Amino acid sequence: MATDVDLPKRQITPVPPPILPISIPQKRPLDDDHAPSVSSPLNPNLDLKSTKIQSHDELAVMTREKPARSKKDSVKKRESKAGPGADSSRATPDPKLKEAVPTESSPLRYKLAPPKPSDFEPARAPVFTPHHEVITPNGSTIKFHQTSEHVYNKKNFHYTHCIADPDFPSSFYYRQTEPAPYGAHISFEDAATNMYMDQEGCHVTTDKGFRSARANVALRQGRWYWECRVTQGTVKVNSDGNVESNGHVRMGFARREAPLDAPVGFNAYSYGIRDVQGQKMHLSRPADFFPAGEQIKEGDVIGLEIQLPSEQLHRKIVQGQYNPAVDSTNEEEATAEAANIVRDRIPIRFKNHIYFEKIDYHTTKELDDLMNPSPVGPSGTGRPGEQPHPNHPTPSLRTLPNSHIKIYKNGVLMGTAFKDLLAFLPPASKPQVQVGAREGMDDGMLGYYPMVSVYRGGAAEINFGPNFWYPPPDFAAASDADSDGDVEMIDAGTVRVAAPPQGESTGSKKQEKIRAAAERYDEHIVEDVLADVIDEVDFWIQDGARIVDRTGGRDEKAETVGIAPGREEIKELVQDD
């Protein structure tokens, strides 16, 4: 058994001195240039430059800063040092053309394949197949045809003819054009199916329910007049109230949003007159208009006059800037600002034709609600009973002051059927919501179109002037006298100044004269040509002020700024006839 003597003596374990962490702040040595940030009796002369306190972040940034770069000589200075006769071609960089970025007011561009040789041929009219004949009340015969081999404006798309032109390379060689017949007429593309027309586009009929067709001219400002003769419709009204009829006809004005498979006056986008009792139609609500006993029968000629304010005033209204106390409704055309026309379109093929396809304007909920008013107001605005007016909070419900539609029967004024027509310029009109649609753009096709609706054998003949059957009084006076005080040269020694019209002095303000709707066709052509040239110049600037060769379709330069992604081949459109 072990004893205490045998046990070894215990030793004390040595402990090293503690090591302080480096994160503990140490006492900073006093620098020679150190000075307190606040003056004191011991430091009366404070140097503000030396007392600026720098943060740790600023010190870190200073430590990471790169040394100053040496300044290089300019190109001109290097050329001067090289002496006369030196080759400066290597020192001078090649000029680089900046490509302009397209603005919101520029049309969309799509990459397309080169045009085919057939695309350079003039646009062709539809194919006319004889369908039936109608004997008019005056004994003449009208040959109606069924049109085919052309596209219809439907499914929220609008089509216009186009042609390839070598003078428009920046526009992928395509511009707008018109086929025969040349002049104002009922549009073959802007008509419902199952309608029959003559080859001039002046007669229209159907054997179905109500079908409508618009003219090929849009009325946007000013006073315009056209006529509609009922060639087949109501024959007579018996004493017992029964109507003997060969069909029905309605006529009026419609916007682009008005449906073609419904009569004019069906919704808020059109205003019409029906042959039954001469009633006026708007929002599908008939209202008495003709005097008692007046009817619209076969052989009657209905004249329609529309008056619209200037586009300058129109834009103020839709933009919410209209002040009735300041803005006049009779502005001079010379001071009016030109419309900004933006046409987003793409060429498409349909059988033997080539068209521009554009997204058409679509109905809005606010105007649809007018047909079925809600007790809480249109679209939940909480303002029940607030009728459309020029300063309405909703742009589509704003009206045009001093606008109206007058109706004549066989040259006799029946009265003013409609006043304060609804505005149509954007944002009052909006395109169908889909890919590629942009709101707030005016494509130049907005306006009020002459429109005719026929039903079950009803037939009508359209006359856009200037040789009217019953010209209105203002139109006849304006035609007989050139009333602008123009100088008329009779012979070499005689000069005669045209006298102003009766009731108007030479110092009075010029009144707007009524014009034939046929004159609008020539204006449309000028506007389309001008818009095509502007688009070509706009695209040329986007390409860097140079003409890009796209004849092969494989040029790398064709991939320029502003060309939207799209198909490289022009699509083929398929529609049911």
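Above this text sits the structure in question.
Report follows, based on the coordinates. Remember, predicted model here, so these are calculated numbers, not experimental data.

**Considering unusual backbone geometry**
A cis amide bond links alanine 180 with the next residue in sequence, proline 181, at an omega value of 0°. Secondary-structure assignment places proline 181 in the loop between strand E5 (174–176) and strand E6 (186–191). Phi angles above zero are rare outside glycine, and tyrosine 173 is one such case at about 75°. Positive phi is not limited to glycine here, since aspartate 420 has a value of about 50°. Inspection of the secondary structure puts aspartate 420 in the loop between strand E22 (412–419) and strand E23 (430–431). Judged by relative accessible area, which is 42%, aspartate 420 ranks as partly exposed.

**Regarding the sheet that holds strand E15 (residues 280–282)**
The sheet built from seven strands is open, its strands ordered E6-E9-E24-E13-E14-E15-E16 with antiparallel pairing. Where the open sheet ends on each side, the last strands, each with one partner, are E6 and strand E16 (285–287). The mean angle between the axes of side-by-side strands here comes to 30°, regardless of whether they run parallel or antiparallel. Across five bridges, strand E13 (residues 248–254) lies against strand E14 (residues 270–274) in antiparallel orientation. Its bridge partner being in E14, phenylalanine 253 is matched across the sheet by tyrosine 271.

**Topic: the sheet that holds strand E18 (residues 346–350)**
Read from one edge to the other, the open sheet built from four strands follows the order E5-E4-E19-E18, with strand pairing classed as antiparallel. A strand with exactly one partner marks an edge of an open sheet, and here the two such strands are E5 and E18. Looking at each pair of strands side by side, their axes are set apart by 50° on average, direction ignored. Strand direction decides the pairing type here: E18 and strand E19 (residues 353–359), joined by five bridges, are antiparallel. By the bridge assignment, isoleucine 348 is partnered in E19 with tyrosine 355.

**Quick look at helix H3 (residues 311–318)**
Since the α-helix turns once every 3.6 residues, residues separated by three or four places project in the same direction. Within H3, six of the eight residues are buried, leaving the element largely enclosed by the surrounding structure. Taken together, the buried positions of H3 are occupied by Glu311, Leu313, His314, Arg315, Ile317 and Val318. A positive backbone phi angle near 75° is found at glycine 320, which sits one or two residues after H3.

**With respect to the nonpolar core**
With 66 residues, the main nonpolar core has Trp226, Met251, Ile306, Ile407, Tyr448 and Val452 as its most contacted residues. The residues touching valine 452, leaving out its near neighbours within four places in the chain, are Val204, Arg211, Ser212, Ala213, Trp226, Cys228, Val249, Arg250, Ala460 and Ile462. In this structure, Leu112, Val151, Ile354 and Leu573 belong to the second largest nonpolar core, which totals 15 residues.

**Description of a nonpolar patch on the surface**
A contiguous nonpolar patch, built from Val529, Val533, Val537, Trp540, Ile541 and Ile547 and spanning about 520 Å² of accessible area, is present on the exposed surface. Among the secondary structure elements, valine 533 is positioned in helix H6 (residues 519–542). Taking relative accessible area as the criterion, valine 533 reaches 38% and is therefore assigned partly exposed.

**Points about the pattern of salt bridges**
A complete count under the given rule lists 28 salt bridges for this structure. For the salt bridge of glutamate 149 with lysine 351, the shortest nitrogen-to-oxygen distance reads 3.9 Å. Here glutamate 149, found in the loop between strand E3 (141–148) and strand E4 (157–164), pairs with lysine 351, found in the loop between E18 and E19; they are 202 residues apart in sequence, far enough to count as distant. Under the relative-accessibility criterion, glutamate 149 is labelled partly exposed at 25%.

**Brief notes about the packing of aromatic side chains**
The final tally for this structure, using the stated rule, is twelve aromatic pairs. Look at tryptophan 226 and phenylalanine 253: their rings are 6.1 Å apart centre to centre, the planes differ by 90°, and that puts the pair in the edge-to-face class. In this pair, tryptophan 226 is assigned in strand E10 (residues 222–232) and phenylalanine 253 in strand E13, connecting sequence segments 27 residues apart. Between phenylalanine 289 and phenylalanine 290, the ring centres sit 5.8 Å apart and the planes meet at 50°, which makes this aromatic pair tilted. Judged by relative accessible area, phenylalanine 290 falls into the buried class, the value being 7%. Grouped by ring-pair contacts, the aromatic residues Tyr225, Tyr408, Phe468 and Phe475 constitute a single cluster. Against the face of tryptophan 469 rests arginine 229, its NZ or CZ located 3.9 Å from the ring centre. Across from the ring centre of phenylalanine 356, 3.8 Å away, lies the NZ or CZ of arginine 345, which sits over that ring.

Rules behind the numbers
Residues numbered from 1 in each chain as written. Predicted model: local features only at pLDDT ≥ 70, side-chain atom pairs only at ≥ 80, totals over all residues. Heavy atoms only, no water. Helix = DSSP H or I, 4+ residues; strand = E, 2+ residues; numbered from the N terminus. Buried < 20%, exposed > 50% of the residue type's maximum accessible area, 1.4 Å probe, protein only. Pairing = 2+ DSSP bridges. Axes fitted to C-alpha atoms, helices over the stretch in contact; angles between N-to-C directions. Core = buried A, V, L, I, M, F, W, Y, C linked by side-chain atoms within 4.5 Å. Contact = heavy atoms within 4.5 Å. Patch = residues over 30% accessible without salt bridge, like charges linked within 9 Å, V, L, I, M, F, W, Y side chains within 5 Å. Areas by Shrake-Rupley, 256 points an atom, 1.4 Å probe, with all protein chains shown as cover. Salt bridge = Lys/Arg side-chain N within 4 Å of Asp/Glu carboxyl O. Phe/Tyr/Trp six-rings, centres within 6.5 Å; stacked < 30°, edge-to-face > 60°. Lys NZ or Arg CZ within 6 Å of the ring centre and 35° of its normal.

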